[in-house]
Amino acid sequence: MSLMPSMIDLLARARVDLRMGLPVVLTQPGRAVLALAAEQLDSARLADLRALGPVDLTLTARRAETLKARVYDGDIARIMIPADADLAWVQAVADPADDLNTPMKGPLQSNREGDADLHRLAISLAKSAHLLPAALVCPLDHPAQFAQSHGLTVLPLAAVEPLMVESSPLHPVAAARLPMDAAEAGRLHIYRPEDGGEEHYAIEIGRPDRNAPVLARLHSACFTGDVLGSLKCDCGPQLRGALAQMGAEGNGVLLYLNQEGRGIGLANKMRAYSLQDQGFDTVEANHRLGFEDDERDFRLGSAILKKLGFSSVRLLTNNPNKIRMMENTGIKVAERVPLKVGETAFNQHYLATKAAKSGHML
């Protein structure tokens with residue numbers, strides 16, 4: 001029946017559940033677990049989880065490396081929660097905010113028994129919900145009955161796993177003329193993903209020829225830089241500089257992708273900023289939180305360009321990863337156009353780190 005939720009709908013629901021502090025049921029043939037985001041945990045739910053059986057605190061390998069915990073499952077570690085551990089212990093292991101004040105959190109014992117695929121799914125869900133990548137996971141008997149009696153969302157691994165690695169299809173919602181400082185001949189296009197995620201925007205300047213390489217930029221949302229004028233990054237100047245260059249040339253397309261903080265979300269970005277205040281660089285801060293250097297999906301930009309009718313770009317970027325992703329997804333990069341603006345006394349170390357560790361051409 002069409003009124004029933006699809007697997008994409010259930011996946012979106014599960015993300016909301018985790019953000020609200022509710023557990024979700026993850027299943028595979030012969031096995032099921034209950035997963036709950038560590039960030040949203042409270043004492044009552046920790047006690048209820050423990051009543052069901054042994055609980056693991058699942059972390060990414062990046063976070064486990066910081067904690068000197070053994071990693072037996074490749075990209076994740078399943079930390080066994082001690083019997084006397086309380087809510088504060090769980091949150092201290094999951095969140096690096098006070099690592100320097102309380103560096104000794106162990107000894108931490110990692111679980112190496114059994115399959116870790118459902119634990120890995122729990123981490124992916126937490127990341128996609130823009131929560132800390134840390135989840136409490138416990139085995140669950142009779143999952144269908146438990147989920148029905150508690151009103152919980154159920155996600156089968158086989159059905160959900162492909163959706164987690166795919167880029168959700170985007171659909172045009174609306175478009176209208178938008179005169180701007182950079183160009184009076186502007187037009188804003190709104191695209192909405194099927195999975196209930198944030199909308200993304202295409203800002204079209206002039207009437208670019210669809211048969212020629214268009215001057216284009218993939219710009220990731222940066223509330224602090226684009227809106228507040230933060231001096232910690234070069235995002236605001238890059239946004240305004242790209243639009244100004246498109247206005248001067250009379251045409252171009254700027255794709256504004258809602259992937260704040262290199263895809264980790266604004267809250268986690270502020271956590272990373274706090275760690276930078278403790279002396280870590282931008283990459284180190286992401287790793288301590290449990291994230292990779294860059295969690296963005298640039299396939300979104302390629303999909304929007306194709307929907308707008310473009311197949312070739314002159315790409316305004318200093319990031320070689322954007323060039324590779326465009327080429328790998330069928331958009332020809334006819335030229336890289338450098339965009340070196342916005343260096344300040346506050347972001348020199350940040351820019352140097354991007355060049356040294358992320359390969360940016362600065």
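Residues numbered from 1 in each chain as written. Predicted model: local features only at pLDDT ≥ 70, side-chain atom pairs only at ≥ 80, totals over all residues. Heavy atoms only, no water.

Draft legend 1. Focus on the overall build of the chain. The helix and strand inventory of the chain stands at 15 helices and 13 strands. Compactness check: the chain gives a C-alpha radius of gyration of 22 Å against a globular reference of 21 Å for 362 residues, within 12% of the reference. Based on the C-alpha atoms only, the size of the chain along its principal axes is roughly 65 × 55 × 30 Å. When the 362 residues of the chain are sorted by exposure, 50% land in the buried category. Summarising the internal contacts of the chain: among those between residues at least 6 apart in sequence, 67% fall at separations of at least 24. Total accessible area on the chain stands at roughly 16900 Å², and carbon and sulfur atoms take up 53% of it. Computing the positive centroid from 39 side-chain charges and the negative centroid from 43, the chain places the two 4 Å apart. (Helix = DSSP H or I, 4+ residues; strand = E, 2+ residues; numbered from the N terminus. Rg over C-alpha atoms; globule rule 2.2 N^0.38 Å. Buried < 20%, exposed > 50% of the residue type's maximum accessible area, 1.4 Å probe, protein only. Contact = heavy atoms within 4.5 Å. Areas by Shrake-Rupley, 256 points an atom, 1.4 Å probe, with all protein chains shown as cover. Lys, Arg positive; Asp, Glu negative; His and termini not counted. Charge placed at Lys NZ, Arg CZ, Asp CG, Glu CD.)

Draft legend 2. Spatial organisation of the nonpolar core. Judged by nonpolar contacts, the single largest core of 31 residues is most densely connected at Leu57 and Leu136. Broken down by secondary-structure element, the contributors of at least two residues to this core are β2 (31-37), α2 (43-52), β3 (56-60), β4 (76-80), α4 (87-94), β5 (134-139) and α6 (143-150). Among the elements that make up this core, the one with the highest residue count is α4 (five residues). Leaving out residues up to four positions away in the same chain, leucine 136 has contacts with Leu34, Ala35, Leu36, Ala38, Leu41, Leu46, Leu49, Val55, Asp56, Leu57, Ile81 and Val90. Residues Tyr191, Leu257, Leu308 and Phe310 belong to the second largest nonpolar core, which totals 21 residues. (Core = buried A, V, L, I, M, F, W, Y, C linked by side-chain atoms within 4.5 Å.)

Draft legend 3. Broad picture of a nonpolar patch on the surface. A cluster of nonpolar side chains, contributed by Phe223, Val227, Leu228, Leu266 and Met270, occupies part of the molecular surface with about 450 Å² of accessible area. Elements with a minimum of two residues in the nonpolar patch: α8 (223-227) and α11 (266-277). Relative to the assigned elements, phenylalanine 223 resides in helix α8. (Patch = residues over 30% accessible without salt bridge, like charges linked within 9 Å, V, L, I, M, F, W, Y side chains within 5 Å. Salt bridge = Lys/Arg side-chain N within 4 Å of Asp/Glu carboxyl O.)

Draft legend 4. Quick look at the UniProt feature "active site" (unreviewed entry) in the chain. Residues annotated by UniProt as "active site" (unreviewed entry) correspond here to Asp294 and Arg296. When you line up the elements, aspartate 294 lands in the loop between α12 (282-289) and α13 (299-308). Relative accessible area serves as the criterion here: at 26%, aspartate 294 is assigned to the partly exposed category. Ignoring anything within four residues of it in the chain, the contact list for aspartate 294 reads Arg262 and Asn319. Assignment of secondary structure puts arginine 296 in the loop between α12 and α13. Judged by its relative accessible area of 18%, arginine 296 falls in the buried class. Setting aside chain neighbours within four positions, we find arginine 296 in contact with Ser220, Gln259, Arg262, Gly263, Asn319 and Lys322. (UniProt positions renumbered as here; feature names shortened; annotations may be inferred.)

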